[in-house]
Amino acid sequence: MVEEDLKDFKLKPMKCELNFLNKSDGSAILAQGETVVLVSVNGPLDIKSTSQNMEKATLEVIFSSKGGKPTVSDRFKENVIRQTCETAIFGCLYPRTGITITIQELEDYGGLLPTTINCTCLALLNSGLAMRHVVAAVGCALDEAGNLIIDPTNDQIQTATATMYFVFDSREKNLVTGFSTGTFGEGVYDEALERCRAASDLVFNFYRDIVASYCNVIG
Amino acid sequence: MEEYKVLQPFKYFNDHISVNVRPDGRKFDQQRSIKLNANSVNTADASSLIKCGKTSVVCGISLELATPKAEEPDNGFLVTNVELLPLCSSKFKPGPPSDYAQVVNNTVNDILKNSKCIDLKDLCIVSDKLAWVLYCDIACLEYDGSIIDACLATLMTSLKTLSLPHVIYDIETEEIKVDVNIRHPLKVTGLPVATSFVIYQSPDSNVALMDPTSFEEEMCGGNGANLVVCWNQGLLCGIHKFGGATLGTDGHKKLLNVAKERSKTIEEVINTCIANETSE
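First, a word on what this report is: a plain description of the structure on this page. From a predicted model like this one, the values you see are computed outputs, not experimental measurements. Residue numbers restart at each chain and count upward from 1, following the sequence in its written direction. In the order they appear in the text, chains get letters beginning with A and ligands get numbers beginning with 1. Only residues with pLDDT of at least 70 get local features here, since the model is predicted, and only at 80 or more are side-chain atom pairs given and counted; chain-wide, interface and lining totals rely on the full set of residues. No hydrogens and no water enter the side-chain calculation; it runs on all heavy atoms of the structure.

**Concerning the overall build of chain A**
In plain terms, the rule: Numbering of helices and strands runs from the N terminus; a helix is a DSSP stretch of H or I covering at least four residues, while a strand is a stretch of E covering at least two. Burial status follows relative accessibility: with a 1.4 Å probe on protein chains alone, a residue under 20% of its type maximum counts as buried, one over 50% as exposed, and anything between as partly exposed. In this description, contact between two residues means that some pair of their heavy atoms is separated by no more than 4.5 Å. Under this rule, positive means Lys or Arg and negative means Asp or Glu; His and the chain ends count for nothing. Charged side chains are reduced to one point each, which is NZ for Lys, CZ for Arg, CG for Asp and CD for Glu.
The secondary structure content of chain A amounts to five helices and nine strands. Listing every helix and strand of chain A by position from the N terminus yields α-β-β-β-β-α-β-α-β-β-α-β-β-α. Looking at the 219 residues of chain A, the share that counts as buried comes to 55%. Across chain A, the fraction of contacts at a sequence separation of at least 24, relative to all contacts at a separation of at least 6, is 66%. Positive and negative side-chain charges of chain A, numbering 19 and 28 respectively, have mean locations separated by a distance of 7 Å.

What follows is the structure in structure tokens.
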């Protein structure tokens, strides 16, 4: 049944390379359509005692946009990614340490934040940090005619009346993070949530393929 | 009891939640009492003050004239600025706006933009020459959780009571005359209302707490609420979920309805407050 459902959804082509950077503990470069993001993960590291947490690891997310100049919306992106990773990483295994996630935007042709979240997840997998679950971000747009478009292109985002982005965990497919723009009805939201939930399987399958292709033992 | 809370905050919190009550005695879907006052700051062009439980936020709008941007000659400007000063909580330090303040500001601004309740074209006086700038300064006086709800409510009350003075612009001499005695109210369509929740991962199932206090926010993952649902006239104009525990489909649907009910209440509060203010 699920197999059949998956055929209805088509995501933009995803290309990924792990271990893109030599010096970091984990890194990944991911292209979803024409949007490209590079993420590096370092940790667990020693951090200054004021920011240490007795219960769990302290996460630090640095987002560098292509232009280089930091803006308020970059802080917002950092916050979304930090909160998402905090649920995904088993932070209580690394108390009093810091984990730094550095993100470099390379190309933005729509859907930057979902690509960033997916790339961060791949970099975390590559770094070998213990995780509760992996996460997959899927976006969808509502066009003027009221149709839902899964994983919209840049043009479709520009003309859309609303866009919704969801991040799901791999275990129960529950909603971890969500954000939206524009106005929409409750019914549309429910439909978008369910369709994105189904489409998130494609992302999880992609993770599996990538990890398998880099792993000689399982592969 | 106080010592227990300080020494074992997680256990203290969990003990309460396991018997279906919150530390301050509320039910899970019960909000704190709201006090709202319009025109509380006389020096501002429009202002209001809100108290949700112990959270209190004041908003003042000041008007300025400016030349519109060349790429959008028919649009005026609406600038929101949320300030979380050290005054409101020991969590905030003096200096440039903290990351959290920027996130709150961005969220409030996004909700306002998405709800399309203010048409920026209404702020334009003469195309490409003159337009109003609305500086909406929102300052938190006391921080005790659910800051986005409070910010948006006080901002909307201020915007609804705002009236723009009449401006005469002479195109040839470029002379500006402002007549403060003739004022027309700003057109505000709809009324977006935000509702915050935190989602607590208890051993049996995840529970959602409406209108969380600062302590509850801390217990559920740190900074701010986990879920902010914004309704505007029966339509959703923003659902932001930030980390925290995960949510299943049923729970999610229930929260949307709870938020919908609350938005009607808040709408009533704001409208009553404005009606009282104008009748005085």
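**Some points on the pattern of salt bridges**
All names here are of chain B. Formally: Salt bridges, as used here, are contacts in which a Lys or Arg side-chain nitrogen is within 4 Å of a carboxyl oxygen on Asp or Glu.
Applying the stated criterion across every chain, the model contains 18 salt bridges over all chains. Between Asp 211 and Arg 26 there is a salt bridge, with the nearest N and O atoms lying 4.0 Å from each other. Taken together, the residues Asp 211 in the loop between β10 (206–210) and α5 (214–219) and Arg 26 in the loop between α2 (9–18) and β1 (34–38) connect sequence positions 185 residues apart. The two residues Asp 211 and Arg 26 agree in class, both being buried. Among the ionic pairs, Arg 26 bridges to Glu 216, the shortest N-O distance being 3.8 Å. Pair noted here: Arg 26 is in the loop between α2 and β1 and Glu 216 is in helix α5, with a separation of 190 residues, a long-range link. We note that Arg 26, like Glu 216, is buried. Because the salt bridges share partners, they merge into one network encompassing Arg 22, Asp 24, Arg 26, Arg 32, Asp 144, Asp 211 and Glu 216.

**Brief notes about the nonpolar core**
To keep it simple, the criterion reads: Put simply, buried Ala, Val, Leu, Ile, Met, Phe, Trp, Tyr and Cys residues joined by side-chain atoms within 4.5 Å make one nonpolar core.
Core analysis: the largest hydrophobic core is formed by 81 residues, its most contacted members being Ile 101, Leu 122, Phe 166 and Tyr 189 of chain A together with Val 229 of chain B. Ranked by residue count, the leading element in this core is helix α5 (residues 186–214) of chain A, at 10 residues. The next biggest cluster of nonpolar side chains, apart from the first, holds 57 residues, and it includes Ile 111, Leu 186, Val 193 and Val 228 of chain B.

**Some thoughts on helix α3 (residues 112–127) of chain A**
Each α-helix winds once per 3.6 residues, and so residues spaced three or four apart point in a common direction. Stated precisely, the cut-off is as follows: The length a helix should cover is 1.5 Å for every residue beyond the first.
Under the 1.5 Å per step criterion, the end-to-end length of α3 of chain A is 22 Å for 16 residues, consistent within 8% with the ideal 22 Å. With 14 of 16 residues buried, α3 of chain A is to be regarded as a mostly interior element.

**Some points on the pairing of strand β8 (residues 175–185) of chain B**
All names here are of chain B. Applied cut-off: In this analysis, strands are considered paired if DSSP registers two or more bridges between them.
By the bridge criterion, eight bridges tie strand β7 (residues 163–170) to β8 in an arrangement that is antiparallel. Directly across from Leu 164, in β8, lies its bridge partner His 184. The hairpin turn running from β7 into β8, its antiparallel successor, is four residues long, and Glu 174 in that turn takes a positive phi close to 60°.

**Looking at the interface of chain A and chain B**
Spelled out, the test is: Two parts placed together each lose some accessible area under a 1.4 Å probe, and adding up what both lose gives the buried area.
The interface of chain A with chain B comprises 31 residues on the first partner and 31 residues on the second. In this assembly, chain A packs against chain B so that about 2,700 Å² is buried in total across both faces, 52% of it on carbon and sulfur atoms. Among the residues of chain A in contact with chain B, Phe 76, Gln 83 and Glu 186 of chain A are the three that bury the most area, contributing 21% of the side total. Inspection of the region where chain A meets chain B yields two salt bridges. Among the salt bridges present, the one from Lys 253 of chain B reaches Asp 190 of chain A, with a minimum N-O distance of 3.2 Å.

**Re the pairing of strand β6 (residues 130–142) of chain B**
Residue and element names in this part refer to chain B. Two strands pair when backbone bridges link them, and strand β3 (residues 55–66) and β6 are joined in this way by 11 bridges, in the antiparallel orientation. Looking across to β6, one finds that Leu 65 is bridged to Trp 132. The pairing of strand β4 (residues 77–84) with β6 spans eight bridges and is classified as parallel. Paired with Val 82 across the strands is Ile 138, a residue of β6.

**With respect to the side chain of Glu 105 of chain A**
Residue and element names in this part refer to chain A. The line we're drawing: We call two N or O atoms a polar contact when they sit within 3.5 Å, provided that within protein one can donate a hydrogen and the other can accept it, with sequence-adjacent residues counted only if both atoms are side-chain atoms.
Within the secondary structure, Glu 105 is located in strand β5 (residues 98–107). Among buried Asp, Glu, Lys and Arg side chains, Glu 105 stands out as unpaired, with Lys 66 the closest opposite charge at 5.5 Å. Only 3.1 Å separates the side chain of Glu 105 from the backbone nitrogen of Lys 66, close enough to count as a polar contact. Among all residues touching Glu 105, those that are not within four sequence positions of it are Val 36, Phe 63, Ser 64, Ser 65, Lys 66 and Leu 112.

**As for the sheet that holds β5 of chain A**
All names here are of chain A. Short version of the rule: Helix axes are fitted only over the stretch in contact, all axes being lines through C-alpha atoms; the angle between N-to-C directions runs from 0 to 180 degrees.
Across the sheet, which stays open at both edges, the five strands sit in the order β1-β2-β3-β5-β4 with mixed pairing between neighbours. Each edge of the open sheet carries a strand with a single partner, namely β1 (14–18) and β4 (58–64). This sheet shows a mean twist of 15° between the axes of neighbouring strands, independent of strand direction. Pairing between strand β3 (residues 35–45) and β5: eight bridges, direction antiparallel. From the neighbouring strand, Asn 42 faces β5, where its bridge partner is Thr 100. Across the sheet, helix α2 (residues 72–88) touches β4 and β5, and the angle it forms with β4 is around 145°.

**Section: the state of the cysteines**
All names here are of chain B. Inclusion rule: Whenever a pair of cysteine sulfur atoms sits within 2.5 Å, that pair is classed as a disulfide.
Across all of its chains, the model carries zero disulfides over all chains by this definition. Distance from the sulfur of Cys 230, which forms no disulfide, to the nearest cysteine sulfur (Cys 237) is 3.4 Å. The exposure class of Cys 230 is buried, given its relative accessible area of 0%.

**Details of the packing of aromatic side chains**
All names here are of chain B. The line we're drawing: Think of it this way: a Phe, Tyr or Trp ring, Trp meaning its six-membered ring, pairs with another when their centres are within 6.5 Å, and the plane angle makes it stacked under 30 degrees, edge-to-face over 60, tilted otherwise. Only when the NZ atom of a Lys or the CZ atom of an Arg is both within 6 Å of the ring centre and within 35 degrees of the ring normal do we say a charge sits over the ring.
Using the criterion set out here, one finds 13 aromatic pairs over all chains in the structure. Residues Phe 13 and Phe 215 carry aromatic rings whose centres are separated by 5.9 Å and whose planes lie at 85° to one another, so their mutual orientation is edge-to-face. Taken together, the residues span a long stretch of sequence, with Phe 13 in helix α2 and Phe 215 in helix α5 at a distance of 202 residues. Accessibility assignment for this pair places Phe 13 and Phe 215 in one class, buried. Within the aromatic cluster, the residues linked to one another by ring pairs are Tyr 4, Tyr 12, Phe 13, Tyr 200 and Phe 215. Of note, Lys 5 hangs over the ring of Phe 215, and the distance from its end group to the ring centre comes to 4.6 Å.

**Regarding the side chain of Ser 115 of chain B**
Its place among the elements puts Ser 115 of chain B in helix α3 (residues 99–115). The class for Ser 115 of chain B is buried, based on a relative accessible area of 7%. Apart from residues no more than four positions distant in its own chain, Ser 115 of chain B is found in contact with Thr 183 of chain A together with Pro 192, Asn 232 and Cys 237 of chain B.

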